Amino acid sequence: MLFKNRALFSMLTLVLFMVGYSSRPAPVAMTTATPTPTPTQTQEPAPAPSTTPTTMPAPEPPVSKGKSSLLVTHSKSDYMSFLDPATGQFEKLTVGKAPFAIAEGPNHRAYISTAEGVAVVDTQQRKRVALVPYKAADAIGKPQYGEYRPGGMGIAVSPDGKFVYVGVYVTGGGRGMKSQLEIMDAEKLAMTGSVAVGVRPFDVVISLDGREVYSIDHDSYSVTAVDPLQLKARTLEVALFGKGGFEKPHYAAVRADGRLLLPYQGRGLVVLDPTSGKYETKPLTGNTHQEGVALTADGKQLLIVGIGAAGSVTGKPNLTVLDVETYAEKIIPLERMHQMVAASADRRYAYLTGGVTYADTGWNGMTVVDLVSGAVRDFVVPDYPLDVQLLSE
């Protein structure tokens, strides 16, 4: 009986084992258990961490058709550069000591205001064609560098490309000369006239019909309207918060209706009618000392650089994106100070320079801002990059 029960027990055990085995999942092949590398993984050694400071995730490369190139002045040296903002690589071109601003004209010409004269550049061949001295060359003296260096500052080209207008800061030179707007014949490559303007003409812009030129006089709290044919000037007062301190005009943009747009301290935007000299003030909320401005390609948005606390404002650096019709603002915070700005052709990106001349507070680099996502990427550029313009191909 015991033998029979043992046989029965063994048979039952075998049946239960077979049933349990058949209910298990099929075994997985070892090859599928090993993870397949994703596009963000690599079996090569990981690159060393970048030393370039990054405040936010880097923007994607520009999506504009063709390759974007920037013209940049390097204010602590004697050259400008042709710079690829996607890679940070650039090609140097000697133009003159302490280059300040850039104005691009037709026929592949760009004009650079330097401490020595106006450099004329062929942007297609990437060479300097001429360096035209200022009428005030004797008063300017030897080239200097820094915030108060004499020489060319704001610069603009007439709509037909025949004339170049440059604001020249003159400290006196023993002759009591004031800052002046000098007029260069772009064909003769010679200065043909000059008109006295306010002190330290940071920027020069032109009316839409080219009949008037406007000097933005930083230290005079004014705009000087110049008739370049008659060599006559009108002074337009734009001391929004009174004269004194940091509440000064810096740079301006000309809107499609001919009004000049001048931001002050992230507190107010002057909308100036240059014909009458009257202006209205629109509120700004950036609460930051504002410097460079640029209109997007469609003229609908104004980019305004804010460097941080100064005078009556206490905020941090930022970039204001302003609708020029509704005055609605989008404020993008930044961790670094900047001086000038340019917009990509597709209006997606802003390019900011770090070479702030004020009290030597800038840095050797530039920043790319994605105007949609707000992402920010910094990269190294030497010798205090100051002005920046998108190169027209």
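To be clear, the structure that these remarks concern was listed above.
Fair warning: this is a prediction, and the values are worked out from it, not measured in the lab. Residue positions are counted from 1 within each chain, in the order its sequence is given. Since the coordinates come from a predicted model, pLDDT governs what is reported: local features require at least 70, and pairs of side-chain atoms require 80 or more to be given and counted, while whole-chain, interface and lining totals use all residues. For the side-chain quantities, the full set of heavy atoms in the structure was used; hydrogens and water were omitted.

As for the pattern of salt bridges
Then comes step 1: Just to be clear on terms, a salt bridge is a Lys or Arg side-chain nitrogen sitting within 4 Å of an Asp or Glu carboxyl oxygen. Counted by the stated rule, this structure contains 13 salt bridges.
Then comes step 2: Its salt-bridge partner being Asp360, residue Lys76 comes within 3.0 Å of it at the nearest N-O pair. Note that Lys76 is positioned in the loop between strand E1 (70-74) and strand E2 (79-83) and Asp360 in the loop between strand E25 (349-353) and strand E26 (365-370), a separation of 284 residues in sequence.
Then comes step 3: Accessibility here uses a 1.4 Å probe with only protein chains present; expressed as a share of the type maximum, an area under 20% marks a residue as buried, one over 50% as exposed, and anything in between as partly exposed. The class for Lys76 is partly exposed, based on a relative accessible area of 42%.
Then comes step 4: A salt bridge links Arg200 to Asp219; its shortest N-O distance comes to 3.0 Å. Linking Arg200 in the loop between strand E11 (190-196) and strand E12 (201-206) with Asp219 in the loop between strand E13 (213-217) and strand E14 (222-227), this pair joins segments that are 19 residues apart in sequence.
Then comes step 5: Judged by relative accessible area, which is 23%, Asp219 ranks as partly exposed.
Then comes step 6: Sharing partners across several salt bridges, the network here consists of Arg200, Asp219 and Lys248. Helical segments are the DSSP runs of H or I of at least four residues, strand segments are the runs of E of at least two, and each set is numbered from the N terminus.

Notes on the sheet that holds E14
Then comes step 1: An order of E12-E13-E14-E15 is seen for the 4 strands of this open sheet, with the pairing classed as antiparallel. A strand with exactly one partner marks an edge of an open sheet, and here the two such strands are E12 and strand E15 (232-237). Taken over all neighbouring pairs, the strand axes of this sheet differ in orientation by 20° on average, direction set aside.
Then comes step 2: Note: E13 against E14, 5 bridges, orientation antiparallel. Counterpart to Tyr214 in the pairing with E14 is Ala225. Two strands pair under a simple rule: DSSP has to find at least two bridges between them. Interaxial angle, 0 to 180 degrees, is taken between N-to-C directions of lines fitted to C-alpha atoms, where a helix line uses only the stretch in contact.

Quick word on the environment of Pro150
Then comes step 1: Structurally, Pro150 can be placed in the loop between helix H3 (137-140) and strand E8 (151-157).
Then comes step 2: For the pair Pro150 and Ile140, spaced 10 residues apart in sequence, the C-alpha separation works out to 5.7 Å.
Then comes step 3: Among residues more than four places away in sequence, those in contact with Pro150 are Ala115, Ile140, Gln144, Tyr169 and Thr171. Residue contacts are defined here by distance: any two heavy atoms, one from each residue, within 4.5 Å place the two residues in contact.

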